[in-house]
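# Observations on the three-dimensional arrangement
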Amino acid sequence: MENDATARILAAIRAIPRGRVAGYGEVARRAGLPGRARMVARLLSGNDDPALPWHRVLRSDGRIAFPPDSDAFTEQSARLRAEGVWVEGGRVRGQRAAATLDQQLWGGVD
DNA sequence: TCTATGACTTGCG
DNA sequence: CCGCAAGCCATAG
């Protein structure tokens, strides 16, 4: 059974619009759990929900959280590109996953 | 209780 | 751009 924290994190991840990305720290913050980026990561590592847009969750610097030679990396970048996200060199271009421009991501800018 | 580990973050050089 | 150190949080042994 999930806790509120878990549910909120999952909700925050599901709330990421298609073609958009967010950082672990951002998701945690959005879930009301600042500083729990690692918890978000741990959740994703054990998630079993195929409908969860885990591929939209990136590191704070906009990089994919997997080594470039891993399967997960390939799949994630492929999924992102399929959504129209510009991925290059294992990094997402065109938008910011960091909290510095949270307004751009969640503040209502589209 | 303590240590180790991890899909993390930030800062310094 | 790259590597390293310190911080931080939850779980496992």
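Here is a short report on the structure shown in this document. Keep in mind that what you see is a predicted model, and the values were worked out from it rather than measured.

### Re the protein's contact with DNA strand C
As a structural note, the neighbourhood of DNA strand C is formed by Gly-35, Arg-36, Arg-38, Met-39 and Arg-42. A breakdown of the atoms of DNA strand C within 4 Å of the protein gives sugar and phosphate a share of 47%. At 3.4 Å, a side-chain N or O of Arg-36 approaches a phosphate oxygen of DNA strand C. A distance of 2.8 Å is found between a base nitrogen of DNA strand C and a side-chain nitrogen or oxygen belonging to Arg-38. The residue makeup of the surface near DNA strand C, split by class, is one nonpolar, one polar and three charged.

### Structural notes on the pattern of salt bridges
Across all of its chains, the model carries six salt bridges by this definition. Here Asp-61 makes a salt bridge to Arg-59, at a shortest N to O gap of 3.9 Å. Judged by its relative accessible area of 38%, Asp-61 is partly exposed. With relative accessibility at 40%, the residue Arg-59 sits in the partly exposed group.

### Looking at the protein's contact with DNA strand B
Neighbouring residues of DNA strand B: 13 residues in total, closest Tyr-24, Arg-38, Trp-54, Ser-60 and Phe-66. Looking at DNA strand B alone, sugar and phosphate atoms form 43% of those within 4 Å of the protein. In the model, a base nitrogen of DNA strand B is placed 3.3 Å from a nitrogen or oxygen of the Leu-44 main chain. With respect to DNA strand B, the backbone of Ser-60 contributes an N or O atom lying 2.9 Å from a phosphate oxygen. Secondary structure elements with two or more residues in the surface near DNA strand B: α2 (24-30) and α3 (37-46). Counting residues per element, the surface near DNA strand B draws most heavily on α3, at five residues. Of the residues assigned to the surface near DNA strand B, the class counts are seven nonpolar, four polar and two charged.

Each value, and the rule that gives it
- Residues numbered from 1 in each chain as written.
- Chains lettered and ligands numbered in written order.
- Predicted model: local features only at pLDDT ≥ 70, side-chain atom pairs only at ≥ 80, totals over all residues.
- Heavy atoms only, no water.
- Near = heavy atom within 4 Å.
- Polar contact = N/O pair within 3.5 Å; in protein donor to acceptor, adjacent residues only side chain to side chain.
- Nonpolar A, V, L, I, M, F, W, Y, C, P; charged D, E, K, R; others polar.
- Salt bridge = Lys/Arg side-chain N within 4 Å of Asp/Glu carboxyl O.
- Buried < 20%, exposed > 50% of the residue type's maximum accessible area, 1.4 Å probe, protein only.
- Helix = DSSP H or I, 4+ residues; strand = E, 2+ residues; numbered from the N terminus.

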